[in-house]
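One-letter residues, chain by chain:
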Amino acid sequence: MTYLANDRRYDTMTYNRCGRSGLKLPAVSLGLWHNFGGVDVFENGRAILRHAFNKGITHFDLANNYGPPYGSAEENFGKLFKQDFRPYRDELVISTKAGYDMWPGPYGNWGSRKYLLSSLDQSLKRMGLDYVDIFYSHRPDLETPLEETMMALDQAVRQGKALYVGISNYSAERTREAAQILRDLGTPCLIHQPKYSMFERWVEDELLDVLDEEGIGCIPFSPLAQGLLTDKYLDGIPEGSRAAKSWGFLKAEQVGPAIEKVRRLNEIAVQRGQTLAQMALAWIMKDLRITSVLIGASSVQQLDDNMNMLDYPNFSQDELNRIDGILKG
């Protein structure tokens, strides 16, 4: 059946300006890191993407090695784009990245010009796209001159293969240096994608201030700590959850030490009339320097549940103090 997007898809979503650019991103963006690879159910991913766009999520975030196996998330997205989303290309912001292990040999990893530009060509082919909206350096490479990596991003834009560029997992100092190089090249850094959650707060030390000063947007990934900041693990590790799988970054041994904090945070969420996941996402978005929060979803229902975080009131100072007290132990 031909997919026709919801006519009212823009009625309820909030869109925030990304840094000092002309681009706006939805307050909630969808990441395809998990649940869209070759090991996953294709039609489930299709239902999630359709529902996301129907709800006003216009930004889909990928990377070259998302799967598993590597490249399969982009391949699946390419099939879905051809079947469902091609008529809506100009309404979508599609991003991909290069920087982590992708193919064998010395040219399939890190931050060289050869790797980044070759990877982008491969990503475009897998997704069936002429260009991506955002192309990221996925991680810093201390053995490659930063100028080389940034010049590769600049070249991607000048070749018409990316509209904007961004960086991910860069420190505050490295971010400032990268921003200056890109500015001098004439291709400003649009956005930074750091790991940020209640359990991973390093960005608060300096990075958010640097992004604000440089006019760079921020889109945190893993805002739910790979699912730990949900009610999923309150009573153990359920079958089929991320912690129960042999792949992925949340390991079973990480759940136990954090569960007491999770339970206490859940109590505050219940008092607020929302789920822990909704509260954790809202807690990220309380900072006006955050452009969008990047969520994953394993089902349409989970996507809906997480998006509902937009419907709850702001935090009181007492709630913020209590949350901070729990997080600091």
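This text follows the structure it describes.
The following refers to the structure shown. All figures in this text were calculated on a predicted structure; none of them were measured in a lab.

To continue, consider the side chain of Asn35. Here Asn35 is to be found in the loop between strand S3 (28-31) and helix H1 (42-54). Within polar-contact distance, the side chain of Asn35 engages the backbone oxygen of Ala297 at 3.0 Å.

Here the focus is the side chain of Gln278. Checked against the element boundaries, Gln278 lands in helix H8 (residues 276-285). Since its relative accessible area comes to 4%, Gln278 is described here as buried. In terms of polar contacts, Gln278 uses its side chain to reach the backbone carbonyl oxygen of Asp305, at 2.7 Å. Not counting the four nearest positions on each side in its chain, Gln278 is found in contact with Asp305, Asn306, Asn308, Met309 and Tyr312.

Here we come to the packing of helix H2 (residues 72-85) against helix H3 (residues 113-127). Closest axis-to-axis distance for the H2/H3 pair is 7 Å, and the angle between their directions is 45 degrees. When the interaxial angle is binned, H2 and H3 end up oblique. Two secondary-structure elements touch here, H2 through Glu74, Glu75, Phe77, Gly78 and Phe81 and H3 through Ser123, Arg126 and Met127. When grouped by side-chain class, the residues that make up the contact of H2 with H3 number 3 nonpolar, 2 polar and 3 charged.

To continue, consider the sheet that holds strand S7 (residues 162-168). Here 8 strands make up an open sheet; going across it, the order is S9-S8-S7-S6-S5-S4-S3-S10 and the pairing parallel. Across the chains shown, the open sheet's two edge strands, defined by having one partner strand only, are strand S9 (217-218) and strand S10 (293-295). As paired elements, S7 and strand S8 (residues 189-193) share 4 bridges and run parallel to each other. Bridge pairing links Ile167 to His192 in S8.

A word on the nonpolar core. Leu30 and Phe60 are the most contacted members of the largest nonpolar core, which totals 92 residues. It is H8 that contributes the most residues to this core, 9 residues altogether. Counting residues in hydrophobic clusters, the runner-up holds 11 residues, among them Leu25, Val93, Ile191 and Phe221.

Of note, the amide linkage connecting Gly67 to Pro68 takes the cis form, showing an omega dihedral of -10 degrees. By the element assignment, Pro68 lies in the loop between strand S4 (59-61) and H2. With omega at -5 degrees, the peptide bond leading from Pro68 into Pro69 counts as cis. Locating Pro69 in the fold gives a position in the loop between S4 and H2. Of note in this structure, Asn169 is not a glycine but carries a positive phi near 65 degrees. For Asn169, the location among the structural elements is in the loop between S7 and helix H5 (172-185). Look at Asn169 and you get partly exposed, because its relative accessible area is 25%. The phi dihedral of Gln226 is positive, around 60 degrees, even though this residue is not glycine.

Attention shifts here to the packing of aromatic side chains. Scanning the entire structure with this criterion turns up 12 aromatic pairs. Relative to Tyr66, the ring of Trp33 lies with its centre 6.2 Å away and its plane at 20 degrees, an arrangement referred to as stacked. One end of the pair, Trp33, is in the loop between S3 and H1; the other, Tyr66, is in the loop between S4 and H2, and 33 residues separate them in sequence. Relative accessible area serves as the criterion here: at 23%, Trp33 is assigned to the partly exposed category. Classification of Tyr66 by relative accessible area gives buried; the value is 7%. Aromatic pair Trp33 and Phe221: ring centres 6.0 Å apart, planes at 75 degrees, arrangement edge-to-face. Placement of Trp33 in the loop between S3 and H1 and of Phe221 in the loop between S9 and helix H7 (252-272) is noted, with a sequence separation of 188 residues between them. When its relative accessible area of 13% is taken as the criterion, Phe221 is described as buried. One aromatic cluster is present, formed by Tyr3, Phe53, Phe60, Phe77, Phe81, Phe85 and Tyr88 through successive ring pairs. The positively charged end of Lys114 is found above the aromatic ring belonging to Tyr107, 5.5 Å away from the centroid.

Criteria and thresholds
- Residues numbered from 1 in each chain as written.
- Predicted model: local features only at pLDDT ≥ 70, side-chain atom pairs only at ≥ 80, totals over all residues.
- Heavy atoms only, no water.
- Helix = DSSP H or I, 4+ residues; strand = E, 2+ residues; numbered from the N terminus.
- Polar contact = N/O pair within 3.5 Å; in protein donor to acceptor, adjacent residues only side chain to side chain.
- Buried < 20%, exposed > 50% of the residue type's maximum accessible area, 1.4 Å probe, protein only.
- Contact = heavy atoms within 4.5 Å.
- Axes fitted to C-alpha atoms, helices over the stretch in contact; angles between N-to-C directions.
- Parallel < 35°, antiparallel > 145°, perpendicular 65-115°, else oblique.
- Nonpolar A, V, L, I, M, F, W, Y, C, P; charged D, E, K, R; others polar.
- Pairing = 2+ DSSP bridges.
- Core = buried A, V, L, I, M, F, W, Y, C linked by side-chain atoms within 4.5 Å.
- Phe/Tyr/Trp six-rings, centres within 6.5 Å; stacked < 30°, edge-to-face > 60°.
- Lys NZ or Arg CZ within 6 Å of the ring centre and 35° of its normal.

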